[in-house]
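Residue strings, one per chain:
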Amino acid sequence: MAETTAPAAARPARAAALAPRVKAALVLFVLFALVPPVVIALDDPFLILIATRILAYAIAAMALDLILGYGAMVSFGHAAYLGFGTYAVAILSSYGVSDLLLQMLGAILVSALFALVTGAISLRTRGVYFIMITLAFGQMAFFFFISLSAYGGDDGYGLSQRSTLFGSRVLENDVTLYYVTLAVLVGLFALCHRIVGSRFGRVLTGIRENPVRMEAIGFSPFRYQLTAFVISGCMTSVAGVLLANQAEFVSPAFMSWHRSGELIVMVVLGGIGTLTGAIGGAVAALLLEEVLGMMTEHWRLWFGVFLVLMVLFSPRGITGLVAQLRGRDGA
Amino acid sequence: MANLFVLQLLNGVQLGVLLFLIAAGLTLVFGIMDVVNLAHGVLYMVGAYFVATFAALTGSFWWGLLLMLPAAVAVGLILEVVVIRRLYARSHLDQVLATFGLVMIANETVKIVWGVSPLSVPMPEILSGSVPLMGPLQYPVYRIAIIIAGLAVAGGLYLVINHTRIGMLLRAGATNRMMVSALGIDIGKLFAMVFTLGAVLACFAGALVAPILSVDTGMGESVLILTFVVVVIGGIGSIKGAFLGALLVAIVDTLGGVFGPILLREVLDPSAAGQAGRMLAPMLVYILMAAILFARPAGLFGGRA
């Protein structure tokens, strides 16, 4: 049913554009896989940690793109899920559960519950309301962890060790952690790709284009959007689990609203609604941060200037600019 | 107990009045221009820094407050002309990104110009000290002055919005801005005016609170989110909603922080109650927001969701 109702003009174009996009992602993944040998050759082990951080954020940005790009839901509270992931590591390991997969499961369960409840309330609204409400719920989670004094409150909590994988402590090795993160990224990319191409993904895109029409032909936008919202939140929390292992430290700073904003920036930089773009955007944004950070302590100033200029000097905003570069009419 | 209640209620009203000053501008900008402005909290911070600077230069809080006003008008106008004006026709996503960029720029600029250490503003002589309220209870004069100043501004806004031509345009713009434009009103001018008014109100709130808070770069952030909650609860575009929402949020936030643990102690043992209370108190306003939105997705006085 979704097949026949999707905008006829956009469909073949997207089917054709999908293949190169996947190719681009594969090229990115191969490049990522080559990072550790290069870094070892350069003899700068700190770089591998930076690269792991970038991959973890790439997962989060991709998860956000799933609802931002394909569902037009501007969630400004996604850092909360990063936080659930990081605190799942801290809290579960303090109770002796140090297995990475179990910690991911815990993070996913909490995130699913939070996303289900807050999403159900947020999705009753549109536009500006949705942005502000997701922001407020994100902030609620932020304050919750600030007052969690057992885990350091505002100051955060240092992890005594990284997660274990099937009982072994292989993740203590930075390179192993990097490749595990890469594997998760590749796996989740494949999953997102499947979701986007599925009937569910088509309905979601249809709702983005015209919710009223989708409703008229018998789809409930709310259910599809809420499902996508929950999936996206769960994936983001997986990124949080990896991030906690990368930093070996958790703190509410992972879930501040600035972080949510940065996630949106990553998605938009790479081009929304492409998945591959979100990964590229995460790399670009974090590298820009690192480079600006090396040049000046006031890198945020220049990052902000860059953002404002990009929005102002692209004729229809960044969203329009990206669509233009890709040669199709932006939605 | 009754004393504590009255004291905290007054604190709540004082916070509510401040939140209202900030939320009033924000709700108009949202309602009339349909612009998401994350940089609104920045204006509150800038107001506090202005009054700190001008008060230090002139040696008087009152001169500082007076000089802050034209500076706030200038900041509001410049922001509107340089950035915000170009965002009216853009998607919400573009607005979020651009104003997020502005927040970063403003926070770093403030750090560069004024340094990272917090500033303090001396309290005006005439408003320092406390007055007896009831029984042994004393309340700082300055906080009462904030409440009075805020209520006076709220009253002024009420008169302007309900009994002047400009107010009529504002109300019309919040309801249907296309129609206002079609009727021959210079919508560009109206927008610039609304934004500047909002900027001045937010700066004024920051200036008022400067003597009782430390003035630092983070001060706009927590207030921004609370203000969003106020605007969402009150309904976008509604000044009346912003006023009631601000008082509701502030009183729930203030009383919840104090009485939450006390009430919990009735059902839990003291240490668990303390812990649970500390964790629940900051979440109360968001739970309140969720409950109100669940019943009324457009807020208490919002026309459209």
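Residues numbered from 1 in each chain as written. Chains lettered and ligands numbered in written order. Predicted model: local features only at pLDDT ≥ 70, side-chain atom pairs only at ≥ 80, totals over all residues. Heavy atoms only, no water.

An unreviewed UniProt entry annotates chain B as High-affinity branched-chain amino acid transport system permease protein LivH of Roseivivax jejudonensis. Taken from UniProt, the Subcellular location (unreviewed entry) comment for chain B reads in full: "Cell membrane". (UniProt positions renumbered as here; feature names shortened; annotations may be inferred.)

Under an unreviewed UniProt entry, the name given to chain A is Leucine/isoleucine/valine transporter permease subunit, and the organism recorded is Roseivivax jejudonensis. On record in UniProt, under Subcellular location (unreviewed entry), the comment for chain A is "Cell membrane".

Engineer: What's the story with the overall build of chain B in this structure? I'm lost.
Structural biologist: A count of helical and extended segments in chain B gives 12 helices and two strands. Counting from the amino terminus, helix and strand elements in chain B follow one another as α-α-α-α-β-β-α-α-α-α-α-α-α-α. Compactness check: chain B gives a C-alpha radius of gyration of 20 Å against a globular reference of 19 Å for 305 residues, within 12% of the reference. By its C-alpha atoms, chain B is 65 × 50 × 40 Å across when sized along the principal axes. The contacts in chain B between residues at least 6 apart in sequence include a share of 76% that link residues at least 24 apart. Working note: accessible area of chain B is about 12400 Å², and carbon and sulfur atoms make up 71% of it. If you average the places of the 14 positive and of the 11 negative side-chain charges in chain B, the two averages end up 11 Å apart. (Helix = DSSP H or I, 4+ residues; strand = E, 2+ residues; numbered from the N terminus. Rg over C-alpha atoms; globule rule 2.2 N^0.38 Å. Contact = heavy atoms within 4.5 Å. Areas by Shrake-Rupley, 256 points an atom, 1.4 Å probe, with all protein chains shown as cover. Lys, Arg positive; Asp, Glu negative; His and termini not counted. Charge placed at Lys NZ, Arg CZ, Asp CG, Glu CD.)

Engineer: Would you mind going over the overall build of chain A with me for this structure?
Structural biologist: When helices and strands are counted, chain A shows 14 helices and two strands. Out of the 331 residues in chain A, the part that is buried amounts to 57%. In chain A, the proportion of contacts linking residues at least 24 apart, taken out of those at least 6 apart, comes to 78%. On chain A, roughly 13200 Å² of surface is accessible, and the fraction owed to carbon and sulfur atoms is 68%. (Buried < 20%, exposed > 50% of the residue type's maximum accessible area, 1.4 Å probe, protein only.)

Engineer: Is there a simple way to think about the interface of chain B and chain A in this case?
Structural biologist: Often the size quoted for an interface is simply the accessible area lost on bringing the parts together. At the interface, 52 residues of chain B touch 48 residues of chain A. Each partner contributes to the roughly 4400 Å² buried at the junction of chain B and chain A, and carbon and sulfur atoms together form 79% of this total. Of all residues in chain B, B:Leu93, B:Phe100 and B:Met104 bury the most surface against chain A, accounting for 15% of the area lost on that side. Summed over the shared surface of chain B and chain A, the result is one salt bridge. Between A:Arg300 and B:Glu108 there is a salt bridge, and its shortest N-O distance comes to 3.9 Å. Counting across the chain B and chain A interface gives six residue pairs in polar contact (both at pLDDT 80 or more). Taken together, the elements giving at least two residues each to the side of chain B that touches chain A come down to α4 (92-114), α9 (219-234), α11 (270-280) and α12 (284-295) of chain B. Counting residues per element, the side of chain B that touches chain A draws most heavily on α4(B), which supplies 16 residues. (Buried area = accessible area lost by both parts, 1.4 Å probe. Salt bridge = Lys/Arg side-chain N within 4 Å of Asp/Glu carboxyl O. Polar contact = N/O pair within 3.5 Å; in protein donor to acceptor, adjacent residues only side chain to side chain.)

Engineer: Just to check I follow, could you spell out helix α11 (residues 257-270) of chain A for this structure?
Structural biologist: Because the α-helix completes a turn every 3.6 residues, residues three or four places apart line up on one side. Residue and element names in this part refer to chain A. Between its terminal C-alpha atoms α11 stretches 21 Å, which fits the 20 Å expected from 14 residues at 1.5 Å a residue. Where burial is concerned, most of α11 is hidden: 12 out of the 14 residues are buried. Among all positions of α11, only Trp257, His258, Arg259, Ser260, Gly261, Glu262, Leu263, Ile264, Val265, Met266, Val267 and Val268 are buried. Trailing α11 by a residue or two, Gly271 shows a phi angle of about 105°, which is positive. (Expected span 1.5 Å × (residues − 1).)

Engineer: Any chance you could explain the packing of helix α7 (residues 174-197) of chain A against helix α8 (residues 199-209) of chain A here in plain terms?
Structural biologist: Axis angle and axis distance: for two packed helices, these are the angle between their axes and the distance between the axes, and together they describe the pair. Residues and elements named next belong to chain A. Where α7 contacts α8, the axes come no closer than 4 Å and their chain directions differ by 65°. Relative to α8, α7 is oriented roughly perpendicular. On the side of α7, the interface is formed by Ile195, Val196 and Gly197, while α8 contributes Arg199, Phe200, Gly201 and Arg202. For the contact of α7 with α8, the residue count by class is three nonpolar, two polar and two charged. (Axes fitted to C-alpha atoms, helices over the stretch in contact; angles between N-to-C directions. Parallel < 35°, antiparallel > 145°, perpendicular 65-115°, else oblique. Nonpolar A, V, L, I, M, F, W, Y, C, P; charged D, E, K, R; others polar.)

Engineer: It is not clear to me how the confidence of the model for chain A should be interpreted in this structure. Could you clarify?
Structural biologist: Reading predicted coordinates in detail is not appropriate for stretches of low pLDDT. Considering every residue of chain A, the mean pLDDT works out to 86; 89% of them sit at 70 or more. A low-confidence stretch, residues 1-13 of chain A (pLDDT under 50), is modelled with nine contacts involving residues beyond four sequence positions or located in other chains. (pLDDT = per-residue confidence, 0-100.)

Engineer: Any chance you could explain the pattern of salt bridges here in plain terms?
Structural biologist: Close approach of charged atoms allows side chains with opposite charge to pair. Residues and elements named next belong to chain A. On inspection of all chains with the given rule, the structure shows 11 salt bridges over all chains. Between Arg53 and Glu289 there is a salt bridge, with the nearest N and O atoms lying 3.8 Å from each other. A residue pair is termed long-range when its members are at least 10 positions apart, and Arg53 in helix α3 (residues 46-71) and Glu289 in helix α12 (residues 276-295) qualify at 236 residues. Grouping residues by exposure puts Arg53 and Glu289 together as buried. One continuous salt-bridge network, built from bridges that share partners, spans Arg53, Glu289 and Glu290.

Engineer: What is the right way to look at unusual backbone geometry in this model?
Structural biologist: Among all residues except glycine, the phi angle is most often negative; among peptide bonds, the trans geometry is most common. Positioned with a positive phi, A:Asp43 is a non-glycine residue whose angle comes to about 60°. Position of A:Asp43 relative to the elements: it lies in the loop between α2 (10-42) and α3.

Engineer: Is there a simple way to think about the confidence of the model for chain B in this case?
Structural biologist: Of the residues in chain B, 99% reach a pLDDT of 70 or more, and the chain-wide mean stands at 86. Element-level pLDDT for chain B is lowest in α11(B), with a mean of 74, against a maximum mean of 92 in helix α3 (residues 61-82) of chain B.

Engineer: Help me understand the environment of B:Gln8 in this model?
Structural biologist: If you trace the backbone, B:Gln8 turns up in helix α1 (residues 2-33). Other than its neighbours up to four places away in sequence, B:Gln8 contacts B:Thr254, B:Leu255, B:Val258 and B:Phe259.

Engineer: Explanation requested: α3(B) in the structure shown.
Structural biologist: Residues and elements named next belong to chain B. Spanning 22 residues, α3 covers 31 Å between terminal C-alpha atoms, matching the ideal 32 Å at 1.5 Å per step. When α3 is considered as a whole, its buried residues turn out to be Phe61, Gly64, Leu65, Met68, Ala71, Ala72, Gly76, Leu79 and Glu80. Each element contacted by the buried residues of α3 is listed here: α2 (40-58), α4, α5 (141-163) and α8 (187-209). Of the residues that open α3, the one with a side-chain oxygen 3.1 Å from the backbone nitrogen of Trp62 is Ser60.

Engineer: Where do I start with the side chain of A:Gln225 in this structure?
Structural biologist: Residues and elements named next belong to chain A. Relative to the helices and strands, Gln225 is located in helix α10 (residues 221-247). When its relative accessible area of 7% is taken as the criterion, Gln225 is described as buried. If sequence neighbours within four positions are ignored, Gln225 has contacts with Gly71, Met73, Leu123, Arg126, Leu204 and Ile207.

Engineer: What is the right way to read the packing of helix α5 (residues 100-122) of chain A against helix α6 (residues 127-146) of chain A from this model?
Structural biologist: Residues and elements named next belong to chain A. It is the contact of α5 with α6, at a shortest axis distance of 10 Å, that shows an interaxial angle of 150°. Classified by the angle their axes make, α5 and α6 are roughly antiparallel. Once α5 is placed against α6, the crossing between them reads as right-handed. For the pair α5 and α6, the contacting residues are Phe114, Thr118, Ile121 and Ser122 in the first and Phe130, Ile133, Thr134, Phe137, Met140 and Ala141 in the second. Along the lines of polarity and charge, the residues of the contact of α5 with α6 split into seven nonpolar, three polar and no charged. (Left-handed = near helix turned anticlockwise from the far one by under 90°.)

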